[in-house]
Amino acid sequence: MPSIPGLKNDGGSDSRFFTTQKKGELHELRMELHSTDRNTKVDAVKKVIASMTVGKDVSTLFTDVLNCVQTGNIELKKLVYLYLINYAKSQPELTLLAVNTFVKDASDPNPL
């Protein structure tokens, strides 16, 4: 599987994100997305993207995932962008909320 530049490759250990969805998992994901711990947030977004990849509807987490884009962590930012690309068509009004962050990122002298 080709790697995405800037995303950490843990040697295939990301398969744990593709476990079956259990009752209350969306609430747990929402709590993890609001965590102050960076690793917890990254893992939560990976779980959301894994669910999205297998066809589960995780659009209810749109604003929670969108709030994670305001970070200096490039891995987390790329994961959020991947999520936004998938749901931008179905939630255009909410996607507009990310425009300010995109403009801010584009004007930053550091390209990363």
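Think of each chain on its own: its residues are numbered from 1, step by step along the sequence as written. Residue-level local features of this predicted model are given only where pLDDT is at least 70; pairs of side-chain atoms are given and counted only at 80 or more, and the full residue set underlies all totals for whole chains, interfaces and linings. As a rule here, side-chain values cover all heavy atoms of the structure and leave hydrogens and water aside.

### Some thoughts on the side chain of Ser35
Then step 1. Within the secondary structure, Ser35 is located in the loop between helix 1 (25–33) and helix 2 (38–53).
Then step 2. A polar contact is formed between the side chain of Ser35 and the backbone nitrogen of Asp37, at a distance of 3.0 Å.
Then step 3. Whether two residues touch is decided by their heavy atoms; if any such pair falls within 4.5 Å, the residues are in contact. When residues no more than four places from it in sequence are discounted, the contact partners of Ser35 are Thr40 and Lys41. Counting from the N terminus, the helices are the DSSP runs of H or I reaching at least four residues and the strands are the DSSP runs of E reaching at least two. Here a polar contact is recorded for every N or O atom pair within 3.5 Å, except that within protein the pair must consist of a potential hydrogen donor and a potential acceptor, and residues adjacent in sequence are included only if both atoms are side-chain atoms.

### Digging into helix 1
Then step 1. For every residue, the accessible area (1.4 Å probe, protein chains only) is compared with the maximum for its type, and the residue is labelled buried under 20%, exposed over 50%, or partly exposed between those bounds. Buried within helix 1 are the following residues: Glu25, Leu29, Glu32 and Leu33. End-on view of helix 1: buried residues confined to an arc of 100°, all on one side of the axis. For helix 1, the exposed residues set more than 90 degrees away from the buried face come down to His27 and Met31. Arc definition: it is the arc formed by the directions from the helix axis to the C-beta atoms.

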